[in-house]
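Given next are the chains, with one letter for each unit.
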Amino acid sequence: MTPKLRQEIEAKMALYPDRHSATLPALEAAQRVYGWCSPQALEEVAEAMDVTPAYLESVATFYDMLETEPAGRHSIYVCTNISCSLLGADELFRSIADAAGDDPEFNVRPFECLGACDIAPIASVDGVYVGPLSTEDVPQLLEDIRCERPVLPNKQLVKRPCADPGASA
Amino acid sequence: MKLLFENIDEPGLATREVYERRGGYESLRKALAMEPEAVLAELEASGLRGRGGAGFAMGKKVSFLPKGSIEKYLVCNADESEPGTFKDRELMQKSPHMLIEGIVIASYAAGASRSFIYIRGEYVQQADILDAALVQARAAGYVGEDILGSGHSLSLVVHRGAGAYICGEETGLLDSLEGKRGNPRLKPPFPANQGLYQGPTLINNVETLATVPAIIRIGGEGYAKLGTDTSKGTKLVSVSGHVKRPGNYEIELGVPSREIVYGLAGGLSEGREVKCWFPGGSSSPVLTKDDLDLPYDFDSMAKAGSMLGSGAIIVVDDSTPILDVALKVAKFYAHESCGKCTPCREGTNWTVKMLERIETGEATPMDLEIMASVQEHIIGNCLCVLGDAMAMPIGSMIAKFRDEFERHIEQVRAAHAPAAGAPALTGALA
């Protein structure tokens, strides 16, 4: 384990009255370093936290964002829940998955409601929400990720004003 | 009247300086100058009901915590995973200090000394914003030891989840925060007595806690003047689906639902009508266009056989087959069931299988009866309401759109029926 990762996990454990509470942050940190919750990653986190790897595996397999198999470096979560699917999300997901093909850099997954139905259909690219997306946006989306550019800057959620007309009054 | 969304798009509102310029943290100063009991009395007088879904009186919840010097916890539920709901996201992203201020005031009333914001892992940007705001709040002495010289101390940690709907259920959230799989617990004991780390714990939704500074500012009685007799105040409503202007709107509880769907959200596209709508996230039984004139509040939605839930209105237009809606909803709950209780684990999966049989033409009208009975067997028979949250909307769809389901079954069966003289089916399909 890198000293930096160990330091991060120890700092997380210090935040809580019970070190077990640092399990999710520790696994998330390890996944950032190893790309997934690999057996090696679990062994090392277990050692740093003084828990068993089996315990960590039981936790890792429960949560959608923790990868228990090797996964692409860039995660693209496409919301395919109700509000997004009403507006074409299933087609969007297939389009992104097809365009990404078997490029090992991408981890394209259909995801449950991401909490951004106001810009449906949406995708979360490495944590950055973009929408509303159409299949026409797909080539640009993947190109932006490949070039390590900000993804679809005009469609990023954080730049959107509130829909409520009374809010800015 | 905007309490939560006032100035929400002001540039820099997420910083302490701008928030303070807009009167931020004045409520905290006011509250700390009062006795904790007096702050609690304001919360109770406000009539504020929990904004996460259950609608339980917030002040009462605070009063359930034991008194005395025992260590108490406050947990803010920022898991916001109910399909259709995205109001807490906008609040946390644009006005993180409002939430922090609310948490500190509530912790003072409840006597809690440690607090956590459990935010869903997908909200990466919002969690980063909260972390940055927390650093500023700590530096200004609003969070930490002896807050503003009041003697009240509070630690606050932003804890990120990792993708699990069930962690929005309060006891599943607590297990997750303790570093376990997010399995709900048997209740009682309730979290107010035995919650996080077995200690007394107050759990409230983001919007509920973010409303607290406004209540202290205008007084519990002032707040209670807004809304209806039993649904006080304003509410953030997330409107999505087949509407022209999806988004978050702050409304006074009790406005006609039609005004939200057609007025604020702009209605449906030309020529389309409402087929059904979820008034409170995908867990709420669907209503139809005939229910649009109902006032949008806790009791009116309950009387209509549904619920206000998290305040997420999902509009489905008349071009959408009800089977598609039912399948999406059922698959979601089957995916998210934690598996602890048999009725939910099996019931959600079998409902998906039966709906898929309808889709592929392998079902008979009798399957609708079986499916409806499965829903009845889930409700009330599990540790938490995740199973109920599928059973209620699916049950409502079967009840209200039975004709359409039956027509679909017949049409697909007819299309798949073997032509006269064709060899008979064998095996499972025979």
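Residues numbered from 1 in each chain as written. Chains lettered and ligands numbered in written order. Predicted model: local features only at pLDDT ≥ 70, side-chain atom pairs only at ≥ 80, totals over all residues.

Undergrad: Where do I start with the overall build of chain A in this structure?
TA: Within chain A, the secondary structure is distributed over seven helices and four strands. For chain A, the α and β elements follow one another from N to C terminus as α-α-α-α-β-α-α-β-β-β-α. Taken over the C-alpha atoms alone, chain A extends approximately 50 × 45 × 30 Å along its principal axes. The buried share of chain A, taken over its 169 residues, is 47%. (Helix = DSSP H or I, 4+ residues; strand = E, 2+ residues; numbered from the N terminus. Buried ≥ 20, exposed ≤ 12 C-beta atoms within 10 Å, placed from the backbone.)

Undergrad: How do you make sense of the interface of chain B and chain A when you look at a structure like this?
TA: It is common to report an interface's size as the accessible area lost on association of the parts. Listed per partner, the contact involves 52 residues of chain B and 41 residues of chain A. Elements that contribute at least two residues to the side of chain B that touches chain A include exactly helix H5 (87-94), helix H7 (124-139), strand S3 (155-160), strand S5 (234-241), strand S6 (247-252), strand S8 (312-317) and helix H13 (322-336) of chain B. Among the elements that take part in the side of chain B that touches chain A, H13 of chain B stands out by supplying six residues, more than any other. Looking at side-chain class alone, the side of chain B that touches chain A contains 19 nonpolar, 19 polar and 14 charged residues. (Contact = placed C-beta atoms within 7 Å. Nonpolar A, V, L, I, M, F, W, Y, C, P; charged D, E, K, R; others polar.)

Undergrad: Help me understand the sheet that holds strand S1 (residues 74-79) of chain A, please; the structure alone is not making it clear to me.
TA: The strands making up a sheet are joined through hydrogen bonds of the backbone, oriented either antiparallel or parallel. Residues and elements named next belong to chain A. The sheet built from four strands is open, its strands ordered S2-S1-S3-S4 with mixed pairing. Strands with a single pairing partner mark the edges of an open sheet, and in this sheet they are strand S2 (106-111) and strand S4 (128-130). The average angle at which neighbouring strand axes cross in this sheet is 20 degrees, direction not considered. Where S1 meets strand S3 (residues 123-125), three bridges bridge the pair, whose relative direction is antiparallel. Opposite isoleucine 76, over in S3, you have valine 125 as the bridge partner. Each of S1, S2 and S3 is contacted by helix H6 (residues 89-100), which is oriented at about 160 degrees to S1, the strand it contacts most. (Pairing = 2+ DSSP bridges. Axes fitted to C-alpha atoms, helices over the stretch in contact; angles between N-to-C directions.)

Undergrad: Sorry, what's going on with the nonpolar core here?
TA: Soluble globular proteins tend to bury their nonpolar side chains together. By size, the foremost hydrophobic cluster in this structure holds 180 residues, and its most contacted members are Val78 and Ile122 of chain A together with Trp277 of chain B. When residues in this core are grouped by element, the largest group, 10 residues, is from helix H6 (residues 96-110) of chain B. Ignoring anything within four residues of it in the chain, the contact list for isoleucine 122 of chain A reads Cys79, Cys84, Leu114, Ala116, Tyr129, Val130, Gly131, Pro132 and Leu133 of chain A. (Core = buried A, V, L, I, M, F, W, Y, C linked by C-beta atoms within 7 Å.)

Undergrad: Looking at this structure, how should I read helix H3 (residues 36-46) of chain B?
TA: The α-helix winds at 3.6 residues per turn, so residues separated by three or four positions along the chain end up facing the same way. All names here are of chain B. Turning to H3, its buried residues are Val39, Leu40, Glu42, Leu43 and Ser46. End-on view of H3: buried residues confined to an arc of 155 degrees, all on one side of the axis. In H3, the exposed positions angled more than 90 degrees off the buried face are occupied by Glu37 and Ala38. Packed against the buried residues of H3 are helix H2 (26-32), helix H4 (58-63), H6, helix H9 (206-218) and helix H10 (220-224). Residue glycine 47 follows H3 closely and has a positive phi angle near 70 degrees. (Arc of directions from axis to C-beta.)

Undergrad: Just to check I follow, could you spell out the packing of helix H14 (residues 342-360) of chain B against helix H15 (residues 365-378) of chain B for this structure?
TA: Each pair of packed helices can be described by the angle between their axes along with the distance between the axes. Residue and element names in this part refer to chain B. It is the contact of H14 with H15, at a shortest axis distance of 10 Å, that shows an interaxial angle of 160 degrees. Looking at the two axes, H14 sits roughly antiparallel to H15. Between H14 and H15 lies a crossing of left-handed hand. Listed contacts from H15 to Pro343, Cys344, Gly347, Trp350, Thr351, Met354, Arg357 and Ile358 of H14 are Asp367, Ile370, Met371, Val374, His377 and Ile378. Of the residues in the contact of H14 with H15, the class split is nine nonpolar, three polar and two charged. (Parallel < 35°, antiparallel > 145°, perpendicular 65-115°, else oblique. Left-handed = near helix turned anticlockwise from the far one by under 90°.)

Undergrad: Help me out: how do you make sense of the pairing of strand S1 (residues 73-78) of chain B in this one?
TA: On a regular strand, each side chain points to the face opposite its neighbour's, so the side chains alternate between the two faces of the sheet. Residue and element names in this part refer to chain B. With six of six residues buried, S1 lies mostly within the body of the structure. Of the two faces of S1, the one lined by Tyr73, Val75 and Asn77 and the one lined by Leu74, Cys76 and Ala78 are each fully buried. Relative to strand S2 (residues 114-119), S1 runs parallel, the two being bridged by six bridges. Across the sheet, residue valine 75 finds its bridge partner in S2, namely phenylalanine 116. Pairing geometry for S1 and strand S4 (residues 201-205), over five bridges, is parallel. When the bridges of S4 are listed, cysteine 76 appears paired with asparagine 204.

Undergrad: How should I be thinking about the packing of H13 of chain B against helix H16 (residues 386-400) of chain B in this particular structure?
TA: Residue and element names in this part refer to chain B. Interhelical geometry of H13 versus H16 gives an angle of 170 degrees and a closest axis separation of 9 Å. As summarised for this structure, H13 and H16 are arranged roughly antiparallel, according to the angle between their axes. Here H13 contributes Ile322, Val325, Ala326, Val329, Ala330, Tyr333 and Glu336 to the contact with H16, which in turn contributes Leu386, Ala389, Met390, Pro393, Ile394 and Met397. Classifying every residue of the contact of H13 with H16 gives 12 nonpolar, no polar and one charged.

Undergrad: I'm lost on the environment of proline 11 of chain B in this one. Help?
TA: On the secondary structure map, proline 11 of chain B appears in the segment before helix H1 (16-21). You can call proline 11 of chain B exposed: it has 7 C-beta atoms within 10 Å.

Undergrad: Teacher, can you tell me more about the sheet that holds S3 of chain B here?
TA: All names here are of chain B. Strand order in the open sheet made by the four strands is S3-S2-S1-S4, with parallel pairing throughout. The sheet is open, and its two edges are formed by S3 and S4, each paired on a single side. Averaged over all pairs of adjacent strands, the angle between their axes in this sheet comes to 20 degrees, without regard to strand direction. Relative to the sheet, helix H8 (residues 170-177) contacts S1, S2, S3 and S4, its axis offset from that of S1 by approximately 110 degrees. The strands touched by H9 within the sheet are S1 and S4, with S4 carrying the most contacts at an inclination of about 95 degrees.

Undergrad: For this particular structure, what's the right way to read the environment of serine 337 of chain B?
TA: Residues and elements named next belong to chain B. Structurally, the position occupied by serine 337 is in the loop between H13 and H14. On the basis of neighbour count, serine 337 is assigned to the buried category, with 24 C-beta atoms found within 10 Å. The spatial distance from the C-alpha of serine 337 to the C-alpha of proline 11 is 40 Å, given a sequence separation of 326 residues. Discounting residues that sit within four places of it in the chain, serine 337 has contacts with Cys344, Arg345, Thr348, Leu386 and Gly387.

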